[in-house]
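Observations on the three-dimensional arrangement
Chain by chain, the residues run as shown.
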Amino acid sequence: MNREPLAENLARVRARMAAAAQRAGRDPSAVTLVAVSKTHPVEAIQAAYSLGVRDFGENRVEEALPKMAAVQAWLAQQPGAQPITWHLIGHLQSRKVAAAVGPFDLIHSVDRMKIARKLSQQSQARGLEQAILLEVNVAGEASKYGFRIEEIGPALAEIAALPHLHVAGLMTMAPLAANPDEVRPVFQRLRSLRTALAQRAPQFERSQLSMGMTDDFETAIEEGATLVRIGRAIFGERE
Ligand SMILES: *Cc1c(COP(=O)(O)O)cnc(C)c1O
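Residues numbered from 1 in each chain as written. Predicted model: local features only at pLDDT ≥ 70, side-chain atom pairs only at ≥ 80, totals over all residues. Heavy atoms only, no water.

1. Describing the pattern of salt bridges
If the charged atoms of two oppositely charged side chains come close together, the side chains can form a pair. Using the criterion set out here, one finds 16 salt bridges in the structure. Residue E63 pairs with K67 through a salt bridge whose shortest N-O separation is 2.8 Å. Taken together, the positions of E63 and K67, both in helix α3 (residues 61-76) and four residues apart, correspond to about one turn of that helix. K67 carries the same exposure label as E63, and that label is buried. Here E222 makes a salt bridge to R184, at a shortest N to O gap of 2.8 Å. A residue pair is termed long-range when its members are at least 10 positions apart, and E222 in helix α8 (residues 217-222) and R184 in helix α7 (residues 184-200) qualify at 38 residues. Salt bridges sharing partners connect three or more residues here, namely R23, D181, R184, R191, E222 and E223. (Salt bridge = Lys/Arg side-chain N within 4 Å of Asp/Glu carboxyl O. Helix = DSSP H or I, 4+ residues; strand = E, 2+ residues; numbered from the N terminus. Buried < 20%, exposed > 50% of the residue type's maximum accessible area, 1.4 Å probe, protein only.)

Structure (C-alpha cells):
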C-alpha cells in the first residue's frame, strides 16, 4: 500500500474519533487508536508508524511475532524512536500462550479462566507482569468467545489470586449490525459492567474499555471506549 491513502485514511479516522469524543463531552486524548494490522505486511506497520501510530493490534500470535520482530529491528535503527505498544486482540489458543507472554504489552482477548491461569503461570516463569483485558460476550452470541456478563465477577475474584497478571479492563466485540445504533446497548452494557465492578474494586473506575471497530467505533467512543481497534478504515479491505 502506498502512503497516500493510508495518510488520508488515518486523518479521516482520527477526525471521526475526535468528533465522536466531543459529541459525548469526552477528551479526545482519552481514546487510543489501536491500528489493526493483521494480514498487512511489515511495510504497512512502518508507514502507519511514520504517520504517528504507536499502538498496533494483531489477532494471531504466529502471524504477529515475525512481523513484530521485523518492526522492532527497524525501530531500533531509527534515532530517537518512540516505542510501539503491541496489542493481541484475537482468540488465544492454549498452546500459544507461552509465545504471547512478553511480546504483547496488552492481551485483549482473555476469554476463559483456563487461559488466565496459563498466562499467570507463563508470566511468573518469565518474571514479568502481563497486562490483560477480559473479553466479554455481552450479547451472548453462540458464535463469539468471551465470558458472559455474570461470569466476570467470579472470574475477577479468581484472577485476583493469580500472580503476575494485571487486569487492565474489559473488551468486547459487538455483533454485526446494519446500523451502528443497534449495537449501542452492547457498548453501554460493557461500560455498566465496569461501573458495577468499580463498586467493589475502585481501581476499576478508570480501567480500559476496548470496544469499537471500523463499523462501529464512533458509537463505541460515544459510550466510553478508551481503546478502539480499527483495521479496514485505516489499511483498507483485507484480502
Ligand atoms: C480484525 C479485528 C478488528 C478490526 O476490525 P475492522 O473491522 O477491520 O476494523 C478489531 N477487533 C478484533 C478482535 C479483530 O479481530
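2. Side note on the site of the ligand
Around the ligand lies a shell formed by V36, K38, I89, M173, M213, T214, R229, I230, G231, R232 and R238. Side-chain polar atom of K38 to an oxygen atom of the ligand: 2.7 Å apart, as the coordinates give it. Between the ligand and the protein, one listed contact pairs a nitrogen atom with a side-chain N or O atom of R229 at 2.9 Å. Expressed as a share of its isolated accessible area of 390 Å², the protein-covered part of the ligand is 94%. Its residues placed into classes, the shell around the ligand shows five nonpolar, two polar and four charged. (Near = heavy atom within 4 Å. Polar contact = N/O pair within 3.5 Å; in protein donor to acceptor, adjacent residues only side chain to side chain. Areas by Shrake-Rupley, 256 points an atom, 1.4 Å probe, with all protein chains shown as cover. Nonpolar A, V, L, I, M, F, W, Y, C, P; charged D, E, K, R; others polar.)

3. Comments concerning the packing of helix α5 (residues 113-126) against helix α6 (residues 149-160)
Here α5 crosses α6 at 15°, and the two axes come no closer than 11 Å. The angle between α5 and α6 places the two elements in the roughly parallel class. α5 and α6 meet at a crossing whose hand is right-handed. Residues M113, A116 and R117 of α5 touch α6, and the partners they reach there are A155, E158 and I159. (Axes fitted to C-alpha atoms, helices over the stretch in contact; angles between N-to-C directions. Parallel < 35°, antiparallel > 145°, perpendicular 65-115°, else oblique. Left-handed = near helix turned anticlockwise from the far one by under 90°. Contact = heavy atoms within 4.5 Å.)

4. Regarding the environment of R229
Along the chain, the position of R229 falls in strand β8 (residues 227-230). Given a relative accessible area of 4%, R229 falls into the buried group. Considering only alpha carbons, one finds R229 and V183, 46 residues apart in sequence, at a separation of 16 Å. Discounting chain neighbours no more than four positions away, the residues touching R229 are V34, V36, I89, H108, M171, T172, M173, S210, M211, G212, M213 and T214. From its side chain, R229 meets the backbone oxygen of T172 in a polar contact 3.1 Å long.

5. Overview of the environment of V13
Note that V13 resides in helix α1 (residues 3-23). Judged by relative accessible area, which is 2%, V13 ranks as buried. Spatially, the C-alpha atoms of V13 and G90 are 22 Å apart, while their sequence positions differ by 77 residues. In this structure, V13 is in contact with L33, F217, I230, A233 and I234, ignoring residues within four places of it in sequence.

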